Amino acid sequence: MRSETRTGAGMAVAAMLCVQLGLAASVGLIDQVGAEGAAWLRLFWAGVLILVVVRPRRSQFSRTALRYGIALGVVTAGVTMLFMAAVARLPLGTASALEFLGPLGVAVVRGRGGRQVWPLLAGVGVLLLTQPWSGGADPVGVAFALAAACCWAAYILLTQRVGDEVAGVAGLAISMPVAGLTATVVAGPSVFGRMTPELLLLGIGLAILLPVIPFTLELLALRRLTTAAFGTLMSLEPAFALLVGLVALGQVPDALAVAGIGFVVAAGVGAERSGSRTVDEQPEPEPLLTG
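Because the structure is a prediction, the values reported are computed rather than measured.

Draft legend 1. Highlighting the environment of alanine 95. Take alanine 95: it is sitting in helix H3 (residues 92–99). When the C-alpha positions of alanine 95 and leucine 129 are compared, they lie 9.7 Å apart, and in sequence the two are 34 residues distant. In this structure alanine 95 touches Phe83, Ala86, Val87, Leu90 and Ala145, once residues within four positions along its chain are discounted.

Draft legend 2. View of empty space enclosed by the protein. Applying the stated criterion across every chain, the model contains two cavities of 30 Å³ or more. Considered as a void within the structure, the largest cavity measures approximately 200 Å³ in volume. Around the largest cavity, the lining is made up of 15 residues, and of these Val19, Val79, Glu99, Leu210 and Phe215 lie nearest the centre. At the level of secondary structure, the elements contributing two or more residues to the lining of the largest cavity comprise helix H1 (2–54), helix H2 (63–87), helix H6 (139–165) and helix H8 (197–221). Classifying every residue of the lining of the largest cavity gives nine nonpolar, two polar and four charged.

Draft legend 3. Summary view of the nonpolar core. Membership of the largest hydrophobic core comes to 79 residues, with the highest contact counts inside it found for Met176 and Phe230. When residues in this core are grouped by element, the largest group, 19 residues, is from H1. Apart from the residues lying within four places of it in its own chain, the contact partners of methionine 176 are Leu43, Ala46, Gly47, Ile50, Thr76, Pro211 and Phe215.

Draft legend 4. Quick peek at a nonpolar patch on the surface. Among the surface-exposed residues, Phe44, Val48, Val52 and Val53 lie close enough to one another that they form a single nonpolar patch of about 330 Å² accessible area. For valine 53, a relative accessible area of 67% gives the class exposed.

Draft legend 5. Fine view of H8. With 25 residues, H8 should reach 36 Å at 1.5 Å per residue; the first-to-last C-alpha distance of 35 Å fits that figure. Along H8, the sharpest change in direction is near 40° and occurs at alanine 207; proline proline 211 comes one to four residues later.

Draft legend 6. Molecular detail of the side chain of glutamate 237. Note that glutamate 237 resides in helix H10 (residues 236–249). Polar side-chain contacts of glutamate 237 include one of 2.7 Å to the side chain of glutamine 20. Every residue in contact with glutamate 237, bar those within four places of it in the chain, is listed here: Met16, Val19, Gln20, Ser96 and Trp152.

What counts, and where the lines are drawn
Residues numbered from 1 in each chain as written. Predicted model: local features only at pLDDT ≥ 70, side-chain atom pairs only at ≥ 80, totals over all residues. Heavy atoms only, no water. Helix = DSSP H or I, 4+ residues; strand = E, 2+ residues; numbered from the N terminus. Contact = heavy atoms within 4.5 Å. 1 Å grid on protein atoms, 1.4 Å probe; cavity = no way out; pocket = protein on both sides within 12 Å on 5 of 7 lines; lining within 4 Å. Points joined across faces, edges and corners; volume = space filled by probe spheres on them. Nonpolar A, V, L, I, M, F, W, Y, C, P; charged D, E, K, R; others polar. Core = buried A, V, L, I, M, F, W, Y, C linked by side-chain atoms within 4.5 Å. Buried < 20%, exposed > 50% of the residue type's maximum accessible area, 1.4 Å probe, protein only. Patch = residues over 30% accessible without salt bridge, like charges linked within 9 Å, V, L, I, M, F, W, Y side chains within 5 Å. Areas by Shrake-Rupley, 256 points an atom, 1.4 Å probe, with all protein chains shown as cover. Salt bridge = Lys/Arg side-chain N within 4 Å of Asp/Glu carboxyl O. Expected span 1.5 Å × (residues − 1). Bend = angle between axes of the 7 residues up to and from the residue. Polar contact = N/O pair within 3.5 Å; in protein donor to acceptor, adjacent residues only side chain to side chain.

Note that all results are geometric; they support no functional claim without further evidence.
Next up, the structure:
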């Protein structure tokens, strides 16, 4: 089990790095196409790429897998679009720390025994990173980030369920096209007029970096980790966001934010050492559909 935990943790860390690099690369698009346009570009192309690569067949999926996959797609669109709206108004590290309250909530609710200490430790780090007492954060941006946190909590639970129901990464062949369709319905009318051939091509590269690679890694990681461990391990994301924001976007953290990194890293290490899934936590998949 320890090797499975390490593999899952490694996948989760790699996914987080891809997410933050993808977000940093997307920030420049916001001025050209808005937060909703940057989110739509990534989701649209991700759905197309997944369909082309995976080539799903109806017979691969049970009815339960289809239901959870569609729900995951809607939630994926929600977390992507809401978080991009938050990043347009907040520093990357602050937005990521607030969004982390979603995984933290999953870790607190689903954790058992001594594992509860890791979410609490991570919570201290989140407070140091966000510093709500300073009153300097944009309230609309905070609201978007908190809404994204709720979607991310649902994303974690649904991703694990889809991963349990469907072999390999076929589950993404349901969720990502649904996410792209959802984003098109919500944001498409307001962004189509701002698209150029160059932006559409750039969207392909961004979609690979985020969400195709990280969502695939997260799906595989959640087969090896409990939702509590995965949610707590995500505490590393605000720290990565802070570092990427510093290096790529010139967003300089203060001393309290740096201290917060230490807390979330400690919580992430603790989660990695106690988070493998047991056999009885993995449900038996339903029979596949025929025809």
